[in-house]
Amino acid sequence: MAFFLEPWPWYFSGFMIALVMFLLIMVDKRFGMSSNLRTICSMVGAGKRTDFFDFDWKSQRWNLVVVIGAVIGGFIASEYLSPNDAVAISNQTVADLNALGFDSAGTSYMPTELFGNDVFTDVKGLLVLIIGGFLVGFGARYAGGCTSGHAISGLSNLQLPSLITVIGFFLGGLIMVHVLFPLIF
């Protein structure tokens, strides 16, 4: 049971991702989570109003199983296989986050200052969530897929646009963390 309760080594997780990608390539399928939103919208009739959603969603049903599996697997892992609620981060990172005002760093899975219920009463926090959600959704659609689709599926298929997109995701993350985040908070 200790194997399931401890974080898995990178080489095991990497091997499992590679195995799944190999199997998907063998059956000519592409992995990506953001495409499921398009499938769900098409299922409920959005194709009648917008051409983007007018496609054969039944050919993408298999990918909805991935979403269901991710939700169920996440629930099982968080409720039954996690030894505590904190993420193992270094003491220096905890100190840096505390200096930025994140008192829950090192004691909770996600910073309660950003993801707690209090964010709905704070105008700045609410605006950050709304604008951030819009930018993530817009970016995933504009880039032709989300980070998981490009980084896992696109790179394993040796697609140059996915490599460029992943570099953009990485650079955007660095700019957000080191430039924009300190300005906002």
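Throughout what follows, the structure given in this document is the object of discussion. (Residues numbered from 1 in each chain as written. Predicted model: local features only at pLDDT ≥ 70, side-chain atom pairs only at ≥ 80, totals over all residues. Heavy atoms only, no water.)

1. A word on the overall build of the protein
Thinking step 1. Helix and strand counts for the protein come out as nine helices and zero strands.
Thinking step 2. Of the regular secondary structure in the protein, the N- to C-terminal order runs α-α-α-α-α-α-α-α-α.
Thinking step 3. In terms of principal-axis extent, the alpha carbons of the protein reach across some 50 × 45 × 30 Å.
Thinking step 4. Long-range pairs, those at least 24 residues apart, make up 45% of the contacts in the protein between residues at least 6 apart in sequence. (Helix = DSSP H or I, 4+ residues; strand = E, 2+ residues; numbered from the N terminus. Contact = heavy atoms within 4.5 Å.)

2. Remarks on the layout of surface pockets
Thinking step 1. Its volume calculated, the largest pocket comes out at about 1,100 Å³.
Thinking step 2. Residue assignment for the lining of the largest pocket shows that the elements contributing at least two residues are α1 (2-5), α2 (10-26) and α4 (61-80).
Thinking step 3. Element by element, the count of residues in the lining of the largest pocket is highest for α4, at eight residues.
Thinking step 4. The residue inventory of the lining of the largest pocket, partitioned by class, reads 20 nonpolar, seven polar and three charged.
Thinking step 5. In this structure, the second largest pocket encloses a volume near 830 Å³.
Thinking step 6. Every residue lining the second largest pocket is counted, 27 residues in all, and those nearest its centre are I131, G132, L135, V136 and M176.
Thinking step 7. A per-element tally of the lining of the second largest pocket places helix α7 (residues 123-142) first, with 12 residues.
Thinking step 8. Along the lines of polarity and charge, the residues of the lining of the second largest pocket split into 18 nonpolar, nine polar and no charged. (1 Å grid on protein atoms, 1.4 Å probe; cavity = no way out; pocket = protein on both sides within 12 Å on 5 of 7 lines; lining within 4 Å. Points joined across faces, edges and corners; volume = space filled by probe spheres on them. Nonpolar A, V, L, I, M, F, W, Y, C, P; charged D, E, K, R; others polar.)

3. Side note on the environment of F185
Thinking step 1. Checked against the element boundaries, F185 lands in the segment after α9 (160-184).
Thinking step 2. Taking relative accessible area as the criterion, F185 reaches 32% and is therefore assigned partly exposed.
Thinking step 3. If near-sequence neighbours (up to four positions away) are discounted, F185 is found in contact with L114, K124 and V128. (Buried < 20%, exposed > 50% of the residue type's maximum accessible area, 1.4 Å probe, protein only.)

4. So, α9
Thinking step 1. Its 25 residues give α9 an end-to-end C-alpha distance of 34 Å, which sits within 8% of 36 Å, the value for a rise of 1.5 Å per residue.
Thinking step 2. Residue M176 marks the point of greatest curvature in α9, where the axis turns by about 40°.
Thinking step 3. For α9, every residue scored as buried is listed here: S162, T165 and F181.
Thinking step 4. Structurally, α9 contributes buried residues whose contacts are with α6 (112-115) and α8 (147-156). (Expected span 1.5 Å × (residues − 1). Bend = angle between axes of the 7 residues up to and from the residue.)

5. What to know about the packing of aromatic side chains
Thinking step 1. Under the definition given, this model contains six aromatic pairs.
Thinking step 2. Relative to Y80, the ring of F75 has its centre 6.1 Å away and its plane inclined at 85°; by these criteria the two rings are edge-to-face.
Thinking step 3. A centroid spacing of 6.2 Å and a plane angle of 15° characterise the contact between F134 and F138, whose relative ring orientation is stacked. In this pair, F134 and F138 both sit in helix α7, four residues apart, roughly one turn of the helix. (Phe/Tyr/Trp six-rings, centres within 6.5 Å; stacked < 30°, edge-to-face > 60°.)

6. Observations regarding the environment of A2
Thinking step 1. Along the chain, A2 turns up in helix α1.
Thinking step 2. When the C-alpha atoms of A2 and L81 are compared, they prove to be 9.4 Å apart, with 79 residues separating the residues in sequence.

7. Some remarks on the environment of G168
Thinking step 1. Of note, G168 is situated in helix α9.
Thinking step 2. Residue classification places G168 among the partly exposed positions, given a relative accessible area of 38%.
Thinking step 3. Along the chain, G168 and P182 lie 14 residues apart, while their C-alpha atoms are 20 Å from each other.

8. Focus on the packing of α2 against α8
Thinking step 1. It is at 10 Å that the axes of α2 and α8 come closest, and there the two elements cross at 60°. As judged from the angle between their axes, α2 and α8 are oblique. In this structure, α2 crosses over α8, and the sense of that crossing is right-handed. Contacts between α2 and α8 involve I17, M21 and I25 on the former and, on the latter, I152, S153 and S156. (Axes fitted to C-alpha atoms, helices over the stretch in contact; angles between N-to-C directions. Parallel < 35°, antiparallel > 145°, perpendicular 65-115°, else oblique. Left-handed = near helix turned anticlockwise from the far one by under 90°.)

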